[in-house]
Amino acid sequence: MKLGAKIGGSFGLVVLVLLLLGGLAIFSLATIKKSCTIIGNDLIPLSGYTGDSSVTTWKFRWQMLGYYLTNQQNYIDDGKKIQANVESILDSMSKHVANHKDTLGSYTDEVAKAQTSLKNYRILIDKMEVETKKLDDLLKDEKAAMASVNDTLDSYFNEMDEIVGKQVDSKSSDVAKANIKKTKDANDGLNYINDARIANVYAMFNYETEKFKIASAKLQKATEVFDAVLKDTEKESLRDKLKSVLSSIKTYKADIDTYNETNDEKNATYAEMKKSGGALLESIEKLDSGAAETVVAGSKGS
């Protein structure tokens, strides 16, 4: 073979190798570009949404815990605003996944789960607010009933003291003794009421259902005592006072029973809120970890 042919063949081989290397480089660069585009346009924004929604979810869950423990309106007002922010983030995430369904389509169901959990949480927020306001109204009724009992019994005891004083002066000792016994019985009834109030306050601050039952039982005892005193009382003004006391006790007892039931409902609502909040965070964490794993895998592939 002539020297020129050899040189030409070698040169052609070099060109062929260069073309192959160039093609391979172009193909590799195209693959890298595609991976970078998916990571930058699809996965990193998804991670941003999951990060924002996770942090914000924890914020409004803390607000709801504050409301559950204190009943202060500012907690739930702020919580609703933060919850609305999470809703907006999830809506943006859902649209992002829909717009990039070729690469993010596998996340569609998990985003939907997160949105459903959040909607359930919002329903429970509204439910707890209604229950809390009901509890506040019951407390106001209880205070009014007890204020009425205190005022009426003060008047009753004053009138009885005056009557007994006159009877003692007129040496009507047997009648005076009977009225003194009525006063003592009425005072025993008041002690039952005070015991009920103490048990009720303890129950409210310590969330002990048994204490509500004790308060209710003490009020039942007070009712029996004042019923007996009323049956043995003839003077109309005293009877009116005793009837008023019995009416207030009845209101107070009904409020305590209703408060106990409503408080149980509120506790159950908060337990459901914890479940919904946990499910929401679980979905967000799955989305976040899935996106992160895909980013890592894409980076290694590049």
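Note that the structure is predicted; figures quoted are calculated from it, not measured.

Draft legend 1. How the structure looks around the nonpolar core. Residues Leu153, Tyr156, Ile193, Leu219, Phe226 and Ile249 are the most contacted members of the largest nonpolar core, which totals 32 residues. Those elements that place two or more of their residues in this core are helix H4 (108-169), helix H5 (173-206), helix H6 (209-231) and helix H7 (236-301). Looking at this core, the element that brings in the most residues is H4, giving 10 residues. Beyond its immediate stretch of four places on either side in the chain, Tyr156 contacts Lys182, Ala186, Val229, Leu238, Lys241 and Leu242.

Draft legend 2. Region of the structure containing the confidence of the model for the protein chain. In this model, the protein chain carries an average pLDDT of 83, and 81% of its residues clear a pLDDT of 70 or more. The secondary-structure element of the protein chain with the lowest mean pLDDT is helix H1 (residues 3-70), recorded at 69, while helix H2 (residues 73-99) shows the highest, at 92.

Draft legend 3. Structural context of H2. Compared with the 39 Å implied by 1.5 Å per residue over 27 residues, the 39 Å span of H2 between its first and last C-alpha is a close match. Every buried residue of H2 is accounted for by Ile76, Gly79, Lys80, Ile82, Gln83, Val86, Ile89, Leu90, Met93, His96 and Val97.

Draft legend 4. Spatial organisation of the pattern of salt bridges. Counting across every chain of the model gives 14 salt bridges. The partner of Asp257 in a salt bridge is Lys253, and the shortest N-O contact between them spans 3.3 Å. In this pair, Asp257 and Lys253 both sit in helix H7, 4 residues apart, roughly one turn of the helix. The structure contains a network of salt bridges with shared partners spanning Lys80, Arg122, Asp126, Glu129 and Lys133.

Draft legend 5. Spotlight on the packing of aromatic side chains. Tallied over the entire structure, the rule returns 4 aromatic pairs. Seen in terms of ring centroids, Tyr156 and Phe157 are 5.7 Å apart; in terms of plane orientation they differ by 70 degrees. Their pairing is edge-to-face. The class of Phe157 is buried, set by a relative accessible area of 15%. One Lys or Arg, Arg61, reaches over the ring of Trp58 and ends 5.3 Å from the middle of that ring. Looking at Lys211, its charged tip hangs above the ring of Tyr202, at a distance of 4.9 Å from the centre.

The rules behind these values
Residues numbered from 1 in each chain as written. Predicted model: local features only at pLDDT ≥ 70, side-chain atom pairs only at ≥ 80, totals over all residues. Heavy atoms only, no water. Core = buried A, V, L, I, M, F, W, Y, C linked by side-chain atoms within 4.5 Å. Buried < 20%, exposed > 50% of the residue type's maximum accessible area, 1.4 Å probe, protein only. Helix = DSSP H or I, 4+ residues; strand = E, 2+ residues; numbered from the N terminus. Contact = heavy atoms within 4.5 Å. pLDDT = per-residue confidence, 0-100. Expected span 1.5 Å × (residues − 1). Salt bridge = Lys/Arg side-chain N within 4 Å of Asp/Glu carboxyl O. Phe/Tyr/Trp six-rings, centres within 6.5 Å; stacked < 30°, edge-to-face > 60°. Lys NZ or Arg CZ within 6 Å of the ring centre and 35° of its normal.

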